[in-house]
Amino acid sequence: MSDISSTVVDRDIDRQRMTVSQTDVAVEIIGMHKWYGDFHVLRDINLKVMRGERIVIAGPSGSGKSTLIRCINRLEEHQQGQIIVNGTELTSDLKRVDEVRREVGMVFQHFNLFPHLTILQNLTLAPIWVRGIPKVQAEETAMMYLERVKIPEQAAKFPGQLSGGQQQRVAIARSLCMNPQIMLFDEPTSALDPEMVKEVLEVMISLAESGMTMLCVTHEMGFARQVANRVIFMDQGQIIEENEPDAFFSNPQHERTKLFLSQILH
Amino acid sequence: MTGFVRTELEEARPAPRRASGFLLWARKNLFSNITDSVLTVLGILFLLWAVPPLFNFVLGHAVLPGGTVEECRAPGAGACWAYVAARVNFFIYGFYPVDEYWRPNLVFALGAVLLIPLLMPKVPFKRTNALLFFIVLPIVTYFLLNGGVFGLRKVPTEQWGGLLVTLIISLVGIFCSIPIGILLALGRQSKMPVIKTLCVMFIELWRAVPLITVLFMASIMLPLFLPQGTTIDKLLRALVGVTLFSSAYMAEVIRGGLQAIPRGQYEAGASLGLGYWQRMGFIVLPQAIKHVIPGIVNNFISLFKDTSLVSIVGIFDLLNTIQAATSDTNWFSPTQAITGYLFAAAIYWIFCFSMSRYSMYMERRLDTGHKR
């Protein structure tokens, strides 16, 4: 794992490269609204994420940040506006939804591993049945990703036998086995014991270094500073402020952002 | 003032030995206080009062197989097992022709040979085995028992009876009600209003009607609605009735299991791009069914016992053959009927208890150590 300073340099190089090749849009959200019953959870969301970009979404609880990224793989439906992922617009057409989901990995707060399957089976299920990859090959890929998240020795165990941090790393590996183009993280470290946060963040950082397009809902501001290209601050279902991390943390503009940062940064 | 810093780490030590021995155990579990002691004494007295006469009836004074009817008629004689032994073929095969007994015997043997390895997790070739048991065996059974082909004598289902029919009805009911029940449960959770309504109506209709009514309807009412000349086999009608009836119950048990699966499991499956049937088949159902094994087996057991209700539409299942045999005057004795019913109870108990134990074994085996 490279230390923070070298990562910052990497990021700057990345940014330069990005400005050159910003042709490819990974996710585009235009004028999107969503209601839960009568409750207006997401209001006029406009967001464009380029390939290779790493976005951190922050905000108080109930601000709609989880709902937002869950709309991107249509675990939640939006009622107005457009969401275009990998050039495919999300509509009620289930075929398109599955198409998008195949290319978008998601990591959940509570891991959501399949408890009745071994770690290896958790990793190979979707590649075998969705991608049609032969079992042997799927298992090879799975072991490669388990090694990448540093727990190949747990392959034969069941999720219930692993620690929270290990489970979350398996969950990340499970998503990566589908070879996704975009990864969504929904508070991946919030349910972990403090001692296990680091091992998961390390995996996420190395993933970021490999150029993966990432949208992370997280409260880990250190992570945001270190790897994000942009930080998005949400409150009451809307995007309040959006900036590069250095500017976002050192010079927040909106009153609500200032208040939020003063609460969480000591 | 300084704090505390541990200099040496404490090694793990074995737990202190607990004193054991019968007296200590008895004192702790039987006589720990006055109420317990009184209850223990009362319990022992009850056993002393109840067990010896029961034992004498069932074994001590019983007439064992090979005995004569005169011995059974003697005063003070216990259970007349000689009678059961003499009529046991009737209890097993009903009115099936005696010289064709090899056919049901072959079915029993095939069933056992295919079912036992299927129930043992370690035996390989599960897929082939299941295919043979669930697809090939029913077809073979039908042609073998029914006859009329391959030079086999035709034996109409009216002549089938006894344990044979009880097993056929319950096994068909059990193994058909699971897939139908799963589909109904999934349908009831469906977001498609037509499917959902149909499933709810089906389930609620069958659950709201007693099985006896279903069987009466199937055997007496149904022929009235059919065009003249069409007959549907009586056993088949009972089979369909029992299967649909237990499917409705199975559906509700499985729905209970589906509700216990956290939403995150569906979402994780969806986020990986798995389609609806893949999500259900690989992720949700295996867990849901595991949760409700006790309920499912409960259904099996009650279905197995409920098959005795087919006697009211004139099908000679195990209980009905035993009941019919009580009018056998050759074996008339004071204990004839009660011995027959004891035998029936023993058979039902063996099957139901085996199912119960097997389900407990499966529950333990399928436990993957997750409790969240």
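Residues numbered from 1 in each chain as written. Chains lettered and ligands numbered in written order. Predicted model: local features only at pLDDT ≥ 70, side-chain atom pairs only at ≥ 80, totals over all residues. Heavy atoms only, no water.

Glancing now at the overall build of chain A. Along the backbone of chain A there are ten helices and ten strands. Its C-alpha radius of gyration of 18 Å places chain A within 12% of the 18 Å reference for a compact globule of 266 residues. In terms of principal-axis extent, the alpha carbons of chain A reach across some 55 × 45 × 40 Å. For chain A, contacts bridging at least 24 residues in sequence account for 68% of all contacts bridging at least 6. In the structure as shown, chain A presents an accessible area of about 11,500 Å², 49% of it carried by carbon and sulfur atoms. (Helix = DSSP H or I, 4+ residues; strand = E, 2+ residues; numbered from the N terminus. Rg over C-alpha atoms; globule rule 2.2 N^0.38 Å. Contact = heavy atoms within 4.5 Å. Areas by Shrake-Rupley, 256 points an atom, 1.4 Å probe, with all protein chains shown as cover.)

Take the pattern of salt bridges next. A complete count under the given rule lists 25 salt bridges over all chains for this structure. In this structure, the salt-bridge partner of K34 of chain A is E76 of chain A, at a minimum N-O distance of 4.0 Å. You can see K34 of chain A sitting in strand β1 (residues 25–36) and its partner E76 of chain A sitting in the loop between α2 (65–72) and β4 (80–85), a full 42 residues away along the chain. For the residue pair K34 of chain A and E76 of chain A, the accessibility class agrees, reading buried in each case. The closest approach of N and O atoms between E267 of chain B and R263 of chain B, which form a salt bridge, is 3.2 Å. Residue E267 of chain B and its partner R263 of chain B are located together in helix α11 (residues 263–271), separated by four residues, close to a single helical turn. Three or more residues joined by partner-sharing salt bridges are found here, namely K34, R70 and E76 of chain A together with R263 and E267 of chain B. (Salt bridge = Lys/Arg side-chain N within 4 Å of Asp/Glu carboxyl O. Buried < 20%, exposed > 50% of the residue type's maximum accessible area, 1.4 Å probe, protein only.)

Once that is clear, we can look at the sheet that holds strand β10 (residues 238–243) of chain A. All names here are of chain A. Taking strand neighbours across the sheet as the criterion, the six strands line up as β6-β7-β8-β3-β9-β10 in an open arrangement whose pairing is mixed. Each of the sheet's edge strands pairs with one partner strand only, and the pair in question is β6 (104–107) and β10. Between one strand and the next, the sheet's axes are offset by a mean angle of 20 degrees, whatever the strand orientation. As judged from the four bridges shared by strand β3 (residues 54–58) and strand β9 (residues 230–235), these two strands associate in the parallel manner. Each bridged residue has a counterpart across the sheet, and for A58 the counterpart in β9 is F233. (Pairing = 2+ DSSP bridges. Axes fitted to C-alpha atoms, helices over the stretch in contact; angles between N-to-C directions.)

Turning next to the side chain of R230 of chain A. All names here are of chain A. When you line up the elements, R230 lands in strand β9. Of note is the side chain of R230, whose polar atom sits 2.5 Å from the backbone oxygen of K48. Once you skip the residues sitting within four places of it in the chain, R230 turns out to touch L47, K48, V49, E53, R54, I55, V56, E242, N243, E244 and P245. (Polar contact = N/O pair within 3.5 Å; in protein donor to acceptor, adjacent residues only side chain to side chain.)

Burial of nonpolar side chains together is a common tendency in soluble globular proteins. Judged by nonpolar contacts, the single largest core of 116 residues is most densely connected at V27, I29, I57, V85 and L215 of chain A together with F91 of chain B. Beyond its immediate chain neighbours, meaning those up to four positions away, L215 of chain A contacts V27, L47, V49, I55, I57, I69, I72, I182, M183, L184 and F185 of chain A. Ranked by size, the runner-up nonpolar core spans 47 residues in total, among them A171, M196, L207 and V231 of chain A. (Core = buried A, V, L, I, M, F, W, Y, C linked by side-chain atoms within 4.5 Å.)

Bringing the packing of aromatic side chains into the picture now. Two measures describe an aromatic ring pair: the distance that separates the ring centres and the angle between the ring planes. Within the structure shown, the criterion is met by 24 aromatic pairs over all chains. Measuring from ring centre to ring centre gives 3.9 Å for Y93 of chain B and Y101 of chain B, while their planes differ by 20 degrees; the resulting arrangement is stacked. Here the two residues Y93 of chain B and Y101 of chain B agree in accessibility, since each one is buried. Geometrically, the ring pair formed by F133 of chain B and F175 of chain B is edge-to-face, given 5.6 Å between the ring centres and 85 degrees between the ring planes. A residue pair is termed long-range when its members are at least 10 positions apart, and F133 of chain B in helix α6 (residues 126–146) and F175 of chain B in helix α7 (residues 162–189) qualify at 42 residues. Here F133 of chain B falls in the buried class, since its relative accessible area comes to 6%. With relative accessibility at 29%, the residue F175 of chain B sits in the partly exposed group. Through successive ring pairs, a cluster of aromatic residues spans Y83, F90, F91, F95, F316, W331 and F343 of chain B. Across from the ring centre of F114 of chain A, 4.5 Å away, lies the NZ or CZ of R174 of chain A, which sits over that ring. (Phe/Tyr/Trp six-rings, centres within 6.5 Å; stacked < 30°, edge-to-face > 60°. Lys NZ or Arg CZ within 6 Å of the ring centre and 35° of its normal.)

Here we come to the confidence of the model for chain A. All names here are of chain A. With 91% of its residues at a pLDDT of 70 or more, chain A has an overall mean of 88. Contacts of residues 1–9 to residues separated by more than four positions or lying in other chains number eight contacts, the stretch itself having pLDDT below 50. Per-residue pLDDT stays below 50 along residues 15–22; that stretch engages in nine contacts with residues further than four places along the chain or on separate chains. (pLDDT = per-residue confidence, 0-100.)

Glancing now at the layout of surface pockets. Size it by volume and the second largest pocket reaches roughly 1,200 Å³. If you trace the second largest pocket, you find 31 residues lining it, with L94 of chain A together with K191, Y266, Y276 and R279 of chain B closest to the centre. Class assignment of the residues belonging to the lining of the second largest pocket gives a composition of 14 nonpolar, seven polar and ten charged. (1 Å grid on protein atoms, 1.4 Å probe; cavity = no way out; pocket = protein on both sides within 12 Å on 5 of 7 lines; lining within 4 Å. Points joined across faces, edges and corners; volume = space filled by probe spheres on them. Nonpolar A, V, L, I, M, F, W, Y, C, P; charged D, E, K, R; others polar.)

On to unusual backbone geometry. Where the residue is not glycine, phi is negative for most of them; where a peptide bond is considered, it is trans in most cases. Residue and element names in this part refer to chain A. The residue D44 is not glycine, and still its phi comes out positive at about 45 degrees. With respect to the helices and strands, the residue D44 is situated in strand β2 (residues 39–50). Located in the positive-phi region is N179, a residue other than glycine, with phi close to 55 degrees.

Contact with chain B, which involves 23 residues of that partner, is made by 25 residues of chain A. When chain B packs against chain A, close to 2,000 Å² is buried across both sides, 61% of that on carbon and sulfur atoms. Counting the contacts that link chain B with chain A gives two salt bridges. Between E267 of chain B and R70 of chain A there is a salt bridge, and its shortest N-O distance comes to 2.5 Å. Where chain B touches chain A, the interface holds six residue pairs in polar contact (both at pLDDT 80 or more). At the level of elements, α11 and α12 (276–291) of chain B are the ones that each hand at least two residues to the side of chain B that touches chain A. (Buried area = accessible area lost by both parts, 1.4 Å probe.)

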